[in-house]
Amino acid sequence: PEESVTGSFASFIHGARPEHLSQTVRQRSKRMILDSLGVGLVGSTTRVFDIALRYCRLYSSVAVSSVYGKPGVKLSPTLAAFTNGVATHSMDFDDTWHPATHPSGAVLPALLAASQMLPPNTKPSGLEFLLAFNVGLEVQGRLMHFSTEAHDIPKRFHPPSVVGTLGSAAATAKLLSLSSAQCRHALGIAASLAGAPMANAATQAKPLHVGNATRLGLEAALLAARGMEANPLILDDIPGCSGFSAFYGVYQPKPLPAPGEHHEFLLEKQDIAFKRFPAHLGMHWVVDAALSVRNLFVNYAGSFSPSLIRTIVLRIPVSKYINRPFPSSEHQARHSFQFNACAALLDGEVGLGSFSESSIQRQELRELLDKVVVEHPEDNVANFDKMYGEVALLLHSGDVLTGKCDTFYGHWRKPLSKESLLKKFRSNASHVLPEEKIEAIITLVDNLENLSDSSQL
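None of the values given here were measured: they were computed from a predicted structure. (Residues numbered from 1 in each chain as written. Predicted model: local features only at pLDDT ≥ 70, side-chain atom pairs only at ≥ 80, totals over all residues. Heavy atoms only, no water.)

Caption draft 1: Spotlight on the nonpolar core. Grouped together as the largest cluster of nonpolar side chains are 95 residues, with contacts concentrated most on L235 and F244. In terms of residues, this core owes the most to one element, helix 6 (residues 126-144), which gives 10 residues. For F244, the residues in contact, after removing those within four places along its chain, are L143, V162, V163, L166, I234, L235 and Y251. In this structure, L281, F337, F355 and V391 belong to the second largest nonpolar core, which totals 49 residues. (Core = buried A, V, L, I, M, F, W, Y, C linked by side-chain atoms within 4.5 Å. Buried < 20%, exposed > 50% of the residue type's maximum accessible area, 1.4 Å probe, protein only. Helix = DSSP H or I, 4+ residues; strand = E, 2+ residues; numbered from the N terminus. Contact = heavy atoms within 4.5 Å.)

Shown next as C-alpha cells:
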C-alpha cells in the first residue's frame, strides 16, 4: 500500500510541513478562507440554512463548535461542520476551482469545528490550520485531475460531494496529526461516504452536498483516528473492483509527489475564481456580457427600453441544468443563464436582492425572458477555462447589439483585487456581525500564520 497511489496521498498528507507552502500559496489560501467565512456568514441568513440548523438541534450532543451567524449557538463538531457547510453553499456564492469544484466550503467548516473540539493544550496553531487547509485543497485538486470528465461542467456527480469529502478527510487528518496508515484509511472511509447526483442542482438539497462533504470528511478522519480501517488502495485503479474510480467513466490515477522543496502545490499554478454575486459560476459570463451590451444599448437609445428589443440571443455552452428558461425559485434562478442575463439587462447589476421571490416574479422580467432565444456555438464548450458568454439584442429597428465575455472579473485569469475581496467580505459579514468583529476577522485571517490558537478564528 505504501507504494500505491493511495499510499502516496497518505504520505503527502502526513508529511506536508508549513515550510512547503510558498508565499503565493499562503496568500491565495488566506483569500479563500476570508471569502468563505463571509459567504458562510451571509449564508446563515437563508431558509435552507435555517432548516439545516433546526434539524441539527434535534440532537443532544457535546456542543463545542460554533455556528456561522449564530452567537451563543454551538453544536457537536460534525453537525457544526455540516451546518456551516450548508451556509457556505446556500447561495452558490462560494469559490470555484478548475477542474470544477467548490474547494473551500468542503474543508474550512471541518477545520473550524475540529479546532474547537480539541483540548486546550492541543489546539492547532494558525500555521498548522493553514497547512491543513492547503492539504485539503491539494487532495481535491489532484483527484480532479484523475479524469478528463472533471474538466468540463459536471453531468453526473456534484464535484464537492466527491472530491470535497476526501479533501475534508485529508485536511482533518492533517490537523489531527494522524499517521500515514490512518490517513490512508481516512481516504478510504471518506470514499464510502461520498457522492451526490447533479439532478439536485437548483434545489434546496444542493447546499447539503457541501455540508455533507465537510461533515463526512471530518467523520472519516475521526473514525480513522479511532482505528476504523478501509481499503488501503481506494484511489488506485484495480481492474474488476471499483474504488474511487466508481465516480468517473474515465479514470487514470496518478501518485501525489512527496512534499519537499521541489513540490509545487496546485494552488501555486491555478488560482481560484471568486464570485461577485450569488449564482452558479457559469452565470458570471452571461452577466458580464449582458452588462456590456446594456451599456451599448443605453448609448444607442438613451436609456434601457425593453420595448425596443425584439429578441435576446444567448450564445452559451450546452449544460442542461443551468439552461432554465423560466425559473420559479431562488435556487433555479441562481442556475439559469436566461434569468441572470435578463436581470442584468433590466437592473444593470446582479446582487443578493436579484434572487428574491419578488424580483423573480416581476412582470417586466418575465417579458424579457419571453424574448430569449438560446444558441450553442460549437466553439463554446462547457468548461470553465474555455467557455464564453455572448448576449445579442435584436432590435425592432433591425439593428443588432452584441456583448461578449471571455473572462469575467473574479475568474482565476482575472482575479478580484484585494479591495474587491475585502468589500465582498465586509458586505456579506455585515448581515450578521458588527463592524468591529468584521475587522477583527480580517486581521485574524491576514495574520493566520502568527496565531497561536486557531480556534480563536
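Caption draft 2: Highlighting helix 2 (residues 23-43). Here helix 2 spans 30 Å end to end across 21 residues, near enough to the 30 Å set by a 1.5 Å rise per residue. By the criterion of burial, helix 2 is predominantly enclosed, with 17 of the 21 residues buried. (Expected span 1.5 Å × (residues − 1).)

Caption draft 3: Geometry of the sheet that holds strand 3 (residues 309-315). The mixed open sheet is built from four strands, whose spatial order is 4-3-5-6. Only two strands of the sheet have a single partner each, and these edge strands are strand 4 (372-375) and strand 6 (400-405). Taken pair by pair, the neighbouring strands of this sheet meet at an average axis angle of 20°, ignoring direction. Sheet topology note: the strand 3/strand 5 (residues 389-395) ladder contains six bridges and is antiparallel. (Pairing = 2+ DSSP bridges. Axes fitted to C-alpha atoms, helices over the stretch in contact; angles between N-to-C directions.)

Caption draft 4: Expanded view of empty space enclosed by the protein. In total, this model carries two cavities of 30 Å³ or more according to the counting rule given. Considered as a void within the structure, the largest cavity measures approximately 110 Å³ in volume. What lines the largest cavity is a set of 15 residues, among which A100, H102, H280, Y321 and F384 lie closest to the centre. Residue composition of the lining of the largest cavity, grouped by class: seven nonpolar, five polar and three charged. Taken domain by domain, the lining of the largest cavity gets at least three of its residues from each of domain 1 (5-276 + 416-456) and domain 2 (281-405). Looking at the second largest cavity, its volume works out to about 40 Å³. Forming the boundary of the second largest cavity are H89, S90, M91, D92, T203, K206, P207, H331, R334 and H335. Considered class by class, the residues forming the lining of the second largest cavity number two nonpolar, five polar and three charged. Looking at which domains feed residues into the lining of the second largest cavity, each of domain 1 (5-276 + 416-456) and domain 2 (281-405) supplies at least three. (1 Å grid on protein atoms, 1.4 Å probe; cavity = no way out; pocket = protein on both sides within 12 Å on 5 of 7 lines; lining within 4 Å. Points joined across faces, edges and corners; volume = space filled by probe spheres on them. Nonpolar A, V, L, I, M, F, W, Y, C, P; charged D, E, K, R; others polar. Domains from an automatic or database assignment.)

Caption draft 5: Structural view of the packing of aromatic side chains. Throughout the structure, instances matching the rule amount to 13 aromatic pairs. Aromatic side chains F297 and Y300 sit 6.5 Å apart centroid to centroid with 35° between the ring planes, which places their arrangement in the tilted category. In this pair, F297 and Y300 are both assigned in helix 11 (residues 283-301), three residues apart and thus about one turn of the helix distant. The exposure class assigned to Y300 is partly exposed, which follows from its relative accessible area of 39%. Members of the aromatic cluster, connected to one another through ring pairs, are F9, F146, F157, F244, F247, Y248 and Y251. The ring of F93 is capped by K424, whose NZ or CZ atom sits 4.3 Å from the centre of that ring. (Phe/Tyr/Trp six-rings, centres within 6.5 Å; stacked < 30°, edge-to-face > 60°. Lys NZ or Arg CZ within 6 Å of the ring centre and 35° of its normal.)

Caption draft 6: Molecular detail of helix 8 (residues 180-192). Helix length check: helix 8, at 13 residues, gives a terminal C-alpha distance of 19 Å against a target of 18 Å (1.5 Å per residue), a fit within 8%. For helix 8, the tally of buried residues reaches 10 of 13 residues, placing the bulk of the element in the interior. Those residues of helix 8 lying buried are S180, C183, R184, H185, A186, L187, G188, I189, A190 and A191. On its buried side, helix 8 packs onto helix 1 (5-15), helix 7 (159-175) and helix 9 (206-225).

Caption draft 7: Region of interest: the environment of S356. Among the structural elements, S356 can be located in the loop between helix 13 (337-347) and helix 14 (357-360). Residue S356 is classed as partly exposed on the basis of its relative accessible area, which comes to 28%. Along the primary structure S356 and N299 are separated by 57 residues, whereas in three dimensions their C-alpha atoms are 30 Å apart. Only 3.2 Å separates the side chain of S356 from the side chain of S358, close enough to count as a polar contact. (Polar contact = N/O pair within 3.5 Å; in protein donor to acceptor, adjacent residues only side chain to side chain.)

Caption draft 8: Quick peek at the pairing of strand 5. Of all the seven residues making up strand 5, seven are buried; the element is thus mostly covered by neighbouring parts of the structure. What you see with strand 5 is no split at all: G389, V391, L393 and L395 on one side and E390, A392 and L394 on the other are buried throughout. Two elements, strand 5 and strand 6, share six bridges in a ladder whose sense is antiparallel. Bridge pairing in strand 6 places L393 opposite L401. Following strand 5, the chain reverses through four residues before pairing antiparallel with strand 6; G398 in that reversal takes a positive phi of roughly 100°.

Caption draft 9: Highlighting the layout of surface pockets. Approximately 590 Å³ is the volume found for the largest pocket. Lining the largest pocket we find 25 residues, and of these S66, V67, Y68, I441 and L457 sit closest to its centre. Contributing elements (two or more residues each) for the lining of the largest pocket: helix 2, helix 5 (108-117) and helix 17 (435-446). Grouping the constituent residues of the lining of the largest pocket by class yields 13 nonpolar, nine polar and three charged. Roughly 320 Å³ of internal volume is contained in the second largest pocket. For the second largest pocket, the lining is made up of 16 residues, of which E149, D152, I153, P154 and K155 are closest to its centre. Here the lining of the second largest pocket is built from residues that sort into 11 nonpolar, one polar and four charged. Both domains that meet at the lining of the second largest pocket, namely domain 1 (5-276 + 416-456) and domain 2 (281-405), each give it at least three residues.

Caption draft 10: Focus on the side chain of H20. Here H20 is to be found in the loop between helix 1 and helix 2. Residue classification places H20 among the buried residues on the basis of a relative accessible area of 17%. In this structure, H20 is in contact with G15, P259, G260 and F265, ignoring residues within four places of it in sequence.

Any functional reading would require information beyond the geometric quantities listed.
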